[in-house]
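An overview of the molecular structure
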Amino acid sequence: ISARNILEGKIVDITKGATTAHVKLDLGGTTITASITNEAVDELALKVGMTASAIIKASDVMIGLE
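Quantities reported herein were computed from a predicted structural model and do not represent experimental measurements.

1. A closer look at the environment of S35
Tracing the sequence through the fold places S35 in strand 3 (residues 31-37). Sequence separation between S35 and T15 is 20 residues, and the spatial gap between their C-alpha atoms is 9.6 Å. In terms of polar contacts, S35 uses its side chain to reach the side chain of H22, at 3.2 Å.

2. Focus on the pattern of salt bridges
A side chain of one charge can pair with a side chain of the opposite charge if their charged atoms are brought near each other. Following the criterion strictly, the structure yields one salt bridge and no others. In this structure, K16 and D42 form a salt bridge, with 2.5 Å as the shortest nitrogen-oxygen distance. Residue K16 is located in strand 1 (residues 5-16), and its partner D42 is located in helix 1 (residues 38-44); the two are separated by 26 residues in the primary sequence. Given the relative accessible area of 44%, K16 is considered partly exposed.

What counts, and where the lines are drawn
Residues numbered from 1 in each chain as written. Predicted model: local features only at pLDDT ≥ 70, side-chain atom pairs only at ≥ 80, totals over all residues. Heavy atoms only, no water. Helix = DSSP H or I, 4+ residues; strand = E, 2+ residues; numbered from the N terminus. Polar contact = N/O pair within 3.5 Å; in protein donor to acceptor, adjacent residues only side chain to side chain. Salt bridge = Lys/Arg side-chain N within 4 Å of Asp/Glu carboxyl O. Buried < 20%, exposed > 50% of the residue type's maximum accessible area, 1.4 Å probe, protein only.

Right, dumping it as structure tokens:
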């Protein structure tokens, strides 16, 4: 991954829309939200309570698992 900003936290909420999901990640008191596809949520098997990483590059925020 070429992104240099990787922040680990816990997934606290996943809200799916028609095509895009908002995944909220608690970084220890600070919450950030990533907009990713519903397909990505399903492929990564993201669930509330999981540890995941926000991978930040420019204005994009992605969710990654170890």
